[in-house]
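Listed here are the chains, written in short residue letters.
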Amino acid sequence: MSATASSNATISYDGKTATVPMLTGTLGPAVADIRKLQGELGIFTYDPAYGTTAACESKITYIDGDEGVLLHRGYPIDQLAEQATFPEVAYLLLNGELPTQAQNDAFVGQIKQHTMLHEQLRHFFNGFRRDAHPMAMLCGTVGALSAFYHDHLDINDPKQREISALRLIAKVPTLAAWAYKYTQGFPFVYPRNDLTYAENFLYMMFAMPSEKYEVSPVLARAMDRILILHADHEQNASTSTVRLAGSTGANPFACIAAGIAALWGPAHGGANEAVLKMLAEIGTKENIPDFVAKVKDKNSGVKLMGFGHRVYKNFDPRAKIMQQTCHEVLSELGIKDEPMLDLAVELERVALEDPYFVQRKLYPNVDFYSGIILKAMGIPTSMFTVLFAVARTVGWVSQWKEMIEEPGQRIGRPRQLYTGAAKRDIVGLADRG
């Protein structure tokens, strides 16, 4: 269904009155439709960071932060993470319904047709320094895909949009794994079509030509869940960036590269890196009480990373799945005396039992557990945001596709509240000799 006007509100300014339709969606608060406000009253609205502005209408993802709810096409995230695979969730985000077995088999088969990269793309990596951040490599090589796959870039053709979407979902894991291999000085590993999506990614990350590599089913399932839990998260900074870039008519590879650039920021995709940095600063379990005391002191400037969330004012629904997965991974790997992981488990216990954090609903979020899992699996912190991008690509593509298919779609053009100098005339500049 589309948003409908349930009632009207009125806004008066400078002797004039405008009628503002109040739109209601399937779920969530009413939204004031202010599109005609400037024409009728000559004013704009002011909302820095767009925290209370609905910039689009979407059917993909719904979040209720107060209740800790995250739905993809109406399905709760915990049910999807427990019962579905990442390709099934990808199909759901793209097409609106979970696939039948036949549809899923066909979709997975289509993805596998596109996992390979044009061989000349190998040479792109040689242009990077070995110590370059993997996100720099991913951002550059994803943008470069448009130079190699320009045969299906007509965004007005549904079939070409579909092919570009499949290419992105299939090729970004290959690019991500190759970025890791390049930083380590290891040979690139090509994808294998006999493996699942998550298995294939782990294989390309860790296999070596010199010996046989078997993907652990437990680790593959953990990676599958990580991908599912990060697949889409409504209109966040990177998704909004993809939509804004896409509104110009830019090709999908350029739009996803823009999303990757936005995700790179530590306030967005780098949160799980911040968790491990915090644990390193705490040092040992004996230092936890002193650290917690500093967190409670508003003047200390010390923050508890990986707890609480800007959107969720309750328990992050993704964190419960990650918590379970975290313990499964640690058990599978036999990790019992890794100092940083022991420290994380103890900090989790202390925070969940401390009334200060419980009363403020500062529960562990998905970033707290995902950072621990990825470290336990041997993935360096520089790759954490890259893995986030692998997962989020399907959400970005789905949001981009929805925007392109929206009737009357227009280029994004935010307004501003200008506070600079008023109009001035240049005096004496021509007479300075």
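Placed above this text is the structure.
Rules used throughout
- Residues numbered from 1 in each chain as written.
- Predicted model: local features only at pLDDT ≥ 70, side-chain atom pairs only at ≥ 80, totals over all residues.
- Heavy atoms only, no water.
- Axes fitted to C-alpha atoms, helices over the stretch in contact; angles between N-to-C directions.
- Helix = DSSP H or I, 4+ residues; strand = E, 2+ residues; numbered from the N terminus.
- Parallel < 35°, antiparallel > 145°, perpendicular 65-115°, else oblique.
- Left-handed = near helix turned anticlockwise from the far one by under 90°.
- Contact = heavy atoms within 4.5 Å.
- Nonpolar A, V, L, I, M, F, W, Y, C, P; charged D, E, K, R; others polar.
- Buried < 20%, exposed > 50% of the residue type's maximum accessible area, 1.4 Å probe, protein only.
- Pairing = 2+ DSSP bridges.
- Polar contact = N/O pair within 3.5 Å; in protein donor to acceptor, adjacent residues only side chain to side chain.
- Phe/Tyr/Trp six-rings, centres within 6.5 Å; stacked < 30°, edge-to-face > 60°.

### A look at the packing of helix α6 (residues 134-148) against helix α11 (residues 252-263)
Then, in step 1: It is at 7 Å that the axes of α6 and α11 come closest, and there the two elements cross at 170°. One way to sum up the angle between α6 and α11 is to call them roughly antiparallel. Here the hand of the crossing between α6 and α11 comes out left-handed. For the pair formed by α6 and α11, the contact residues are Met135, Leu138, Cys139, Val142, Gly143, Leu145 and Ser146 on the first element and Phe253, Ile256, Ala257, Ile260, Ala261 and Leu263 on the second.
Then, in step 2: Classifying every residue of the contact of α6 with α11 by side-chain character gives eleven nonpolar, two polar and no charged.

### Describing the pairing of strand β4 (residues 61-64)
Then, in step 1: The two faces of β4 differ: Thr61 and Ile63 on one face are buried, but Tyr62 and Asp64 on the other face are not.
Then, in step 2: Relative to strand β5 (residues 69-72), β4 is paired through four bridges, and the arrangement is antiparallel. Bridge assignment links Tyr62 to a residue of β5, and that residue is Leu71.
Then, in step 3: From the end of β4 to the start of β5, which pair antiparallel, there are four residues, and Gly68 there has a positive phi angle of about 70°.

### A closer look at the side chain of Thr141
Then, in step 1: Secondary-structure assignment places Thr141 in helix α6.
Then, in step 2: Here Thr141 falls in the buried class, since its relative accessible area comes to 0%.
Then, in step 3: At a separation of 3.4 Å, a polar atom in the side chain of Thr141 contacts the main-chain carbonyl oxygen of Leu138.
Then, in step 4: Apart from residues no more than four positions distant in its own chain, Thr141 is found in contact with Phe124, Phe125, Phe128 and Leu175.

### Focus on the sheet that holds β5
Then, in step 1: Judged by pairing direction, the sheet is antiparallel, and its three strands sit side by side in the order β4-β5-β6 without closing on themselves. Edge positions in the sheet fall to β4 and β6 (75-76), since each of these pairs with one other strand and no more.

### Focus on unusual backbone geometry
If a residue is not glycine, its phi is most likely negative; likewise, a peptide bond is most likely trans.
Then, in step 1: A positive phi angle, close to 70°, is found at Ala49, a residue other than glycine.
Then, in step 2: In this fold, Ala49 is placed in the loop between α1 (37-41) and β4.
Then, in step 3: The exposure class assigned to Ala49 is exposed, which follows from its relative accessible area of 60%.
Then, in step 4: Phi at Tyr50 is positive, roughly 55°, even though this residue is not glycine.

### A closer look at the packing of aromatic side chains
How two aromatic rings sit relative to each other is set out by the distance from centre to centre and by the angle between their planes.
Then, in step 1: Here the structure, examined in full by the defined rule, presents twelve aromatic pairs.
Then, in step 2: Geometrically, the ring pair formed by Tyr91 and Phe107 is edge-to-face, given 5.4 Å between the ring centres and 80° between the ring planes. Note that Tyr91 is positioned in helix α3 (residues 86-95) and Phe107 in helix α4 (residues 101-112), a separation of 16 residues in sequence.
Then, in step 3: For Tyr91, a relative accessible area of 15% translates into the label buried.
Then, in step 4: Where Trp178 meets Phe188, the ring centres are 4.5 Å apart and the plane angle is 0°; that geometry is what we call stacked. Placement of the pair is Trp178 in helix α7 (residues 158-184) and Phe188 in the loop between α7 and α8 (197-206), with a sequence separation of ten residues.
Then, in step 5: For Phe188, a relative accessible area of 14% translates into the label buried.

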